[in-house]
Amino acid sequence: MRHALDRFRAVYGSSPLHLLTLIVGFALVGYVLVTIKPSTLWNPHNWWHSILVWFAAAIIAHDLVLFPIYAAIDRILVAGSRLRRPRVEASVPVLNYVRIPAMGAALTLLVFLPGIIEQGAPVYAAATGQTQEPFLGRWLLLTAAMFAVSAVVYGIRLAAARRVRSASG
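These remarks concern the structure in this document. All values derive from a computational prediction rather than experimental measurement.

**Remarks on the overall build of the chain**
Part 1: Within the chain, the regular secondary structure consists of seven helices and zero strands.
Part 2: When the helices and strands of the chain are placed in sequence order, the string is α-α-α-α-α-α-α.
Part 3: Over its C-alpha atoms, taken along the principal directions, the chain stretches across nearly 70 × 60 × 25 Å.
Part 4: Expressed as a percentage of the 169 residues in the chain, the buried residues total 14%.
Part 5: Of the accessible surface of the chain, which amounts to about 13,300 Å², a share of 73% is contributed by carbon and sulfur atoms.

If you want it as structure tokens, here you go:
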């Protein structure tokens, strides 16, 4: 059995679980396309309202623009975290305490961007009776809170590491 698995990996390049995941994913896409009909993905009256256009734009914006930017920022952070630090700080790396709130801020910005830039303000006002003015301030507060919580957790972990180090040393 082990020989067959090794041979499969040599031919396919990955595990059978990877192949199974791909097959299930393509089956799901096929099911969705059969169920919703491809014509619903394209709006002939306003082409830029089409799901396909937004999906393609999201792929291009992410893969060709955003991914290289945040990969470069992450590499800078990783390189900066490798600089010489005292031993206590080295035992509690700061990198994930920056990554997680930054990712949360980016995702919430992505979700709430139409409200933050007040896109569709008349429709929003008609539907809710409210304005979109508080969106930017609330997103900034949420971002500050995520970074503050992350800083507090990092401080707690750092203090615990110092206490363990002083008790053992």
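**Some points on the layout of surface pockets**
Part 1: There is about 680 Å³ of room inside the largest pocket.
Part 2: Around the largest pocket, the lining comprises 19 residues; the ones closest to its centre are Tyr70, Ala102, Met103, Ala106 and Leu107.
Part 3: Counting only elements with at least two residues in the lining of the largest pocket, the list comes to α3 (51–81) and α5 (95–116).
Part 4: The greatest single-element share of the lining of the largest pocket, amounting to 10 residues, is contributed by α5.

**Side note on the packing of aromatic side chains**
Part 1: The tally for this structure, following the rule as stated, stands at four aromatic pairs.
Part 2: For the pair Phe67 and Tyr70, a centre-to-centre distance of 5.5 Å together with 85° between the ring planes defines the contact as edge-to-face. Taken together, the residues span about one helical turn, with Phe67 and Tyr70 both in helix α3 at a distance of three residues.

**Examining helix α6 (residues 121–128)**
Part 1: Along α6, only zero of the eight residues are buried, which leaves the element largely exposed.
Part 2: A positive backbone phi angle near 75° is found at Gly129, which sits one or two residues after α6.

**Description of the packing of helix α1 (residues 2–12) against helix α2 (residues 16–36)**
Part 1: α2 packs onto α1 with a crossing angle of 55° between their chain directions and a minimal axis gap of 10 Å. One way to sum up the angle between α1 and α2 is to call them oblique. Contacts between α1 and α2 involve Leu5, Phe8 and Tyr12 on the former and, on the latter, Pro16, His18, Leu19 and Leu22.
Part 2: A per-class count over the contact of α1 with α2 returns six nonpolar, one polar and no charged.

Calculation rules
Residues numbered from 1 in each chain as written. Predicted model: local features only at pLDDT ≥ 70, side-chain atom pairs only at ≥ 80, totals over all residues. Heavy atoms only, no water. Helix = DSSP H or I, 4+ residues; strand = E, 2+ residues; numbered from the N terminus. Buried < 20%, exposed > 50% of the residue type's maximum accessible area, 1.4 Å probe, protein only. Areas by Shrake-Rupley, 256 points an atom, 1.4 Å probe, with all protein chains shown as cover. 1 Å grid on protein atoms, 1.4 Å probe; cavity = no way out; pocket = protein on both sides within 12 Å on 5 of 7 lines; lining within 4 Å. Points joined across faces, edges and corners; volume = space filled by probe spheres on them. Phe/Tyr/Trp six-rings, centres within 6.5 Å; stacked < 30°, edge-to-face > 60°. Axes fitted to C-alpha atoms, helices over the stretch in contact; angles between N-to-C directions. Parallel < 35°, antiparallel > 145°, perpendicular 65-115°, else oblique. Contact = heavy atoms within 4.5 Å. Nonpolar A, V, L, I, M, F, W, Y, C, P; charged D, E, K, R; others polar.

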